[in-house]
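Below, each chain spelled out in residue letters.
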Amino acid sequence: MNDPPAEAVVRRIREEAGFETRVVKLAALYDRKRHPHPPMMFHVYKAFFLCEITGSGGSDGHETDDMESPERLPSLSQARVVQSQIARMFDHHPNPAGQTDFD
């Protein structure tokens, strides 16, 4: 859709989880090759955003249930995200003023 990154993440959250949000900050920009993802043909940077919920909503489902800790999340697609990245985002959540991570 060629959305700017912040608009794309807000749209995806609305579509997949039903929440209205706003981006608070870029939490991390990782070089995929520097993390334990399976090999990929293309060079990719992974952007992680810290968002806050701005309106009511939310849908029931495995993507939004039990989000209190990384251990309670459903199985991850290692091609998309690895456990250490999710754990790091849980570290960012209580400290939105912290520095952005990058490789």
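The rules we used
Residues numbered from 1 in each chain as written. Predicted model: local features only at pLDDT ≥ 70, side-chain atom pairs only at ≥ 80, totals over all residues. Heavy atoms only, no water. Core = buried A, V, L, I, M, F, W, Y, C linked by side-chain atoms within 4.5 Å. Buried < 20%, exposed > 50% of the residue type's maximum accessible area, 1.4 Å probe, protein only. Helix = DSSP H or I, 4+ residues; strand = E, 2+ residues; numbered from the N terminus. Pairing = 2+ DSSP bridges. Contact = heavy atoms within 4.5 Å. Axes fitted to C-alpha atoms, helices over the stretch in contact; angles between N-to-C directions.

K.L.:
Would you explain the nonpolar core in this entry?
P.N.:
Nonpolar side chains in soluble globular proteins tend to end up buried together. Listed in full, the 7 residues of the largest apolar core are Ala27, Ala28, Tyr30, Phe48, Val81, Ile86 and Met89. Taken together, the elements giving at least two residues each to this core come down to β1 (20–31) and α2 (83–92). Per-element accounting of this core gives the leading share, 3 residues, to β1.

K.L.:
Would you mind going over the sheet that holds strand β3 (residues 101–102) with me for this structure?
P.N.:
Backbone-to-backbone hydrogen bonds pair the strands of a sheet. The strands run either parallel or antiparallel. In space, the 3 strands of this open sheet follow the order β2-β1-β3, with mixed pairing throughout. A single partner strand is all that each edge strand has here, and the edge strands are β2 (45–55) and β3. Pairing of β1 with β3 involves 2 bridges; the strand directions are parallel. Paired with Ala28 across the strands is Asp101, a residue of β3. Of the strands in this sheet, β1 and β2 touch helix α1 (residues 5–17), which is tilted by about 120 degrees from β1.

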